[in-house]
Every structure is written in C-alpha cells, then in structure tokens.
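# Chain and residue survey
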Amino acid sequence: MTFEEFKAAQTERGILIDDVMEDQLNSYASYLKEYNEKINLTAITEYEEVLDKHFYDSLLAIKEELKGNLADVGTGAGFPGVVLKIVCPSLHVTLIEPIQKRCVFLESLIDRLGLQGIEVINERGEDYSLKHREEFDYVTARAVSNLNNLIEVCGALVKKDGYFICLRGKEGRKEIDRADKAIGTMGFVIEWIEDEKLFNGDQRVISYFRKVRSTPLKYPRKYNIMKKSPL
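Below is a short write-up of the structure.

For the protein, the helix and strand inventory stands at ten helices and seven strands. Computed over its C-alpha atoms, the radius of gyration of the protein comes to 17 Å, within 12% of the 17 Å expected for a compact globule of 231 residues. Here the C-alpha coordinates of the protein stretch approximately 45 × 35 × 30 Å along the principal axes. In the protein, which comprises 231 residues, the share counted as buried stands at 53%. Of the contacts made within the protein by residues no fewer than 6 positions apart, 69% connect residues no fewer than 24 positions apart. For the protein, the exposed surface amounts to about 10,500 Å²; the carbon and sulfur share of it is 47%. For the protein, the distance from the average position of its 33 positive side-chain charges to the average position of its 38 negative side-chain charges is 9 Å.

See the structure below:
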C-alpha cells in the first residue's frame, strides 16, 4: 500500500487526510521504525505494512466523526489512539499503557509530532478505570486479550451513551457472541457491527457497543480474578 492508495481509501470512507496529517503519519512511520531498533514496539515496521496493518487498521475505528474524549487502553506503540488523534485533531486522547518503556516512546512521539490534547498514562487499564469511571465518550482497544476480559477492563471508563469501540480480527463475530454476558453485565448493547478488510485482504470485525446503563461498581475486578473467572 502506497500513501496515495492509503489516502484514496480513506477518502472513500469519508476521511480526508490533509497535508499536515500526511506529514504527521509519515513522521510516525519513520520514527516507529527508528525507535523499534532500541526496544521492541512492533513486529511491523516496513512502511507499506505500517500504513496498512497499523494506520489503516486503526482508522477502521471511525464510523462517524469522533468528538469529545477518547481513552485507548493497552495502546502499545499508539494504535489506534495516536492515529485517531492525528486524523481527528479536536479529539482529546488518553493513552493508557502499563509498560513504562512504551510510555517513554509515546511521550517522545507526541513531542516529535507536535500533538496537543493527548496524554500518556503509565498504568494498567483496570486500575485506571477505578479512578476514572464513566469519564470518556469513547474507549478503544486493539489488544489481543480475551474479549470478555477486555470489555470488563474498558467498560467502566465509558460514559452513559458513550461507546466502547471494539477492534477484532476475523473471528470477531464469534468472540462477540461468546462475550454476550459480559457486554450486558457491563451495561452495553451492540449498536453497530461491520466486517472490514485491510488493503492486503486481512479480515477485521469492527463494532460499537453503546453504554445504556452504568457499570456495576464491583467491576472491573482484579485482572487475575478476571482471568480465572471471566464474565
């Protein structure tokens, strides 16, 4: 995937990439490859793959204009949170990442790209959510964690009538079916679900879970308890 192909694909989806965004995304890709030589951030560092498997993949989270504030739980090297910030500049983004070395990279990246209205939190998602219940319009996660646990970790952060944006692979619909109890327990309904494909043909399932009632105060539980007894 070339940048022109990436840009054209986003235009078809109603996402306009201007010159500033293009410069920031290209700087991101370059810095990701450079920094990855110091610490292992991602196995994907080649430019065309970064465009497809990181940037294009991240932007599948957008089905409508994102306004307000967003938390990206387990952001890693900034996906999808930093990419969404670049393309939605007015969005306030909180990047939550438990590994300190990755947080150092993210702080450095934000400074390099000149981004404002974005912060990095070095903390586990379930610990952060206990202190920031129902503060966010959107919460995203691209983690490989069991979906039942992921919903429990992320769900308490979402405001009533806000959304948990779920980014999953080709088995996503099956995972969502198995997580039906967790979705309901955490106060969500499935509002929208769509099958998508990356430029290389890899399948993705993107869904918006809308919060219709507050999450019970006993959630989220400690992560070791979640693992032993998922919802």
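To continue, consider the sheet that holds strand S7 (residues 203-211). Strands pair in a sheet through their backbones, by hydrogen bonds, and they do so in one of two ways: parallel or antiparallel. The strand order across the open sheet built from seven strands is S3-S2-S1-S4-S5-S7-S6, with neighbouring strands paired in mixed fashion. Whereas interior strands pair on both sides, the edge strands pair on one side only; in this sheet they are strand S3 (118-121) and strand S6 (188-197). For this sheet, the mean inter-axis angle between neighbouring strands, taken without regard to orientation, is 20 degrees. Sitting on the sheet, helix H5 (residues 100-113) is in contact with strand S2 (92-96) and S3, with an inclination near 165 degrees to S3. Contacts from helix H7 (residues 147-155) reach strand S1 (69-73), strand S4 (136-141), strand S5 (158-168), S6 and S7 within the one sheet, and its direction differs from that of S5 by about 145 degrees.

Attention now goes to the pattern of salt bridges. Tallying each qualifying case throughout the model produces 19 salt bridges. A salt bridge links Glu34 to Arg112; its shortest N-O distance comes to 3.8 Å. Linking Glu34 in helix H2 (residues 19-35) with Arg112 in helix H5, this pair joins segments that are 78 residues apart in sequence. Glu34 sits in the partly exposed class, given a relative accessible area of 39%. A relative accessible area of 47% places Arg112 in the partly exposed class. One connected set of salt bridges, linked through shared partners, spans Asp57, Arg142 and Arg204.

Parameters and conventions
- Residues numbered from 1 in each chain as written.
- Predicted model: local features only at pLDDT ≥ 70, side-chain atom pairs only at ≥ 80, totals over all residues.
- Heavy atoms only, no water.
- Helix = DSSP H or I, 4+ residues; strand = E, 2+ residues; numbered from the N terminus.
- Rg over C-alpha atoms; globule rule 2.2 N^0.38 Å.
- Buried < 20%, exposed > 50% of the residue type's maximum accessible area, 1.4 Å probe, protein only.
- Contact = heavy atoms within 4.5 Å.
- Areas by Shrake-Rupley, 256 points an atom, 1.4 Å probe, with all protein chains shown as cover.
- Lys, Arg positive; Asp, Glu negative; His and termini not counted.
- Charge placed at Lys NZ, Arg CZ, Asp CG, Glu CD.
- Pairing = 2+ DSSP bridges.
- Axes fitted to C-alpha atoms, helices over the stretch in contact; angles between N-to-C directions.
- Salt bridge = Lys/Arg side-chain N within 4 Å of Asp/Glu carboxyl O.

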